[in-house]
Amino acid sequence: MSEEQKVSTRPSFLKWASLVFSLGILCLSIVLYMGQQEFMAPGPLKKDLTIVIPKGSGLEKISNILKDEGVIREPLIFQLGARYTKKARNLKAGEFLMPAAVSMKDAIEILVDGKTVSYSITIPEGKSSFEIVAILRSNPDLVGEITDVPEEGSLLPETYQFVRGDSRQSILDRMEQALDLNLDKLWNNRQEGLPLKTREEALVLASIVEKETGIASERPLVAGVFINRLNSKMRLQSDPTVTYGITLGAKPLGRNLTRKDLKTPTSYNTYTIDRLPPGPIANVGLSALEAVTQPAKTKYLYFVADGTGGHAFARTLKEHNKNVRHWRSVNKN
């Protein structure tokens, strides 16, 4: 080819190259535009859905989970969008609620905010540590084994929030911390003149009050009776302490107490010991702790069930025996 021919073809080549480049840019722009529209557009999810992102999941795995769950259509666009918005490294693990028709953009925001679906577990007051461990083990949304049953009375029963995948041990740890915090606060602000030397003694007495009545409004009065008995050097004579001395909280007694039970010595039987038991007989709620640290000021020394769910209180043994006879007549019927 002559020099003249080479020169004449160069403008044509450059023209075609420029045209191809322009078309490439146009196609890329169209693809980017369509990708952006897909990224911002409502997704295919037809109704609200809870999804779980396992710990350690990378961007590709997260996008595939969302695709499999029907939250997004194109995992690649989700990945590109996450990288473009510089949020790819901020996506969190956990359980999330994805609303119907959520866009990829909004799905990313949900995973970045980390507002996981929360659950709650309620631990009833007055349960033994064995019973609380059994409750936690039966919850399917918690994970992990509990190797050691906590000391009796070391846990604060109430409602605890958690997210799926939290460990059972973590709930126990939180219960122990809550008990320590509240017991310290209540003990430091206790009523003056109580016949209790330590906060541990207050906890023991609170556990007895907890087991004696399920009526919160009665607890300060029940606590006042026990405080009066301690001040008078009287035995507490609490039936729940007898039961605990037999079972140690490992399982229900499964029967009524007998006269022989009341007379059989154990370290917890307050019919046979002249003091508080060596430790709590249950895990107590805040109202029982408050009742013991701020008991009602009363002259009552006795109480017995009244047959209606509450208790009848008495100042003298004669009054108490009358209440006992009434309870037995009601209970017989």
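These lines cover the structure that appears in this document, whether it is placed above or below.

Rules of the game
Residues numbered from 1 in each chain as written. Predicted model: local features only at pLDDT ≥ 70, side-chain atom pairs only at ≥ 80, totals over all residues. Heavy atoms only, no water. Helix = DSSP H or I, 4+ residues; strand = E, 2+ residues; numbered from the N terminus. Buried < 20%, exposed > 50% of the residue type's maximum accessible area, 1.4 Å probe, protein only. Contact = heavy atoms within 4.5 Å. Areas by Shrake-Rupley, 256 points an atom, 1.4 Å probe, with all protein chains shown as cover. Pairing = 2+ DSSP bridges. Axes fitted to C-alpha atoms, helices over the stretch in contact; angles between N-to-C directions. Parallel < 35°, antiparallel > 145°, perpendicular 65-115°, else oblique. Left-handed = near helix turned anticlockwise from the far one by under 90°. Nonpolar A, V, L, I, M, F, W, Y, C, P; charged D, E, K, R; others polar.

**A word on the overall build of the protein chain**
Helix and strand content of the protein chain: twelve helices and six strands. Looking at the 333 residues of the protein chain, the share that counts as buried comes to 39%. If you take every contact in the protein chain between residues at least 6 apart in sequence, the share linking residues at least 24 apart comes to 61%. On the protein chain, roughly 19700 Å² of surface is accessible, and the fraction owed to carbon and sulfur atoms is 54%.

**Focus on the pairing of strand E5 (residues 302-305)**
Bridge count for E5 against strand E6 (residues 311-314) is four bridges, and the pairing is antiparallel. Bridge pairing in E6 places Val 304 opposite Ala 312. Hairpin connection from E5 to E6: five residues lie between these consecutive antiparallel strands, with Gly 307 at a positive phi of about 90°.

**Some words on unusual backbone geometry**
In this model, Lys 86 sits at a positive phi of 60°, which is unusual for a non-glycine residue. Mapped onto the elements of the fold, Lys 86 is located in the loop between helix H3 (75-84) and strand E2 (94-98). For Lys 86, a relative accessible area of 72% puts it in the exposed group. In the Ramachandran plot, Ala 101 falls in the positive-phi region, its phi being about 65° despite a non-glycine side chain.

**Here's the deal with the packing of helix H7 (residues 199-212) against helix H8 (residues 219-231)**
Between H7 and H8, whose axes approach to 10 Å, the crossing angle comes to 130°. The pairing of H7 with H8 is recorded here as oblique in orientation. H7 and H8 meet at a crossing whose hand is right-handed. Across the interface between the two elements, Leu 205, Ile 208, Val 209, Glu 210 and Glu 212 of H7 pack against Arg 219, Val 222, Ala 223, Phe 226, Ile 227 and Leu 230 of H8. In the contact of H7 with H8, the residues fall into eight nonpolar, no polar and three charged.

**Some details on the packing of helix H6 (residues 168-188) against helix H11 (residues 286-293)**
Between H6 and H11, whose axes approach to 10 Å, the crossing angle comes to 25°. Relative to H11, H6 is oriented roughly parallel. As for how H6 packs across H11, the hand of that crossing is right-handed. The segment H6 lies against H11, with Leu 179, Asn 182, Leu 183, Leu 186 and Trp 187 engaging Leu 286, Leu 289, Glu 290 and Thr 293.

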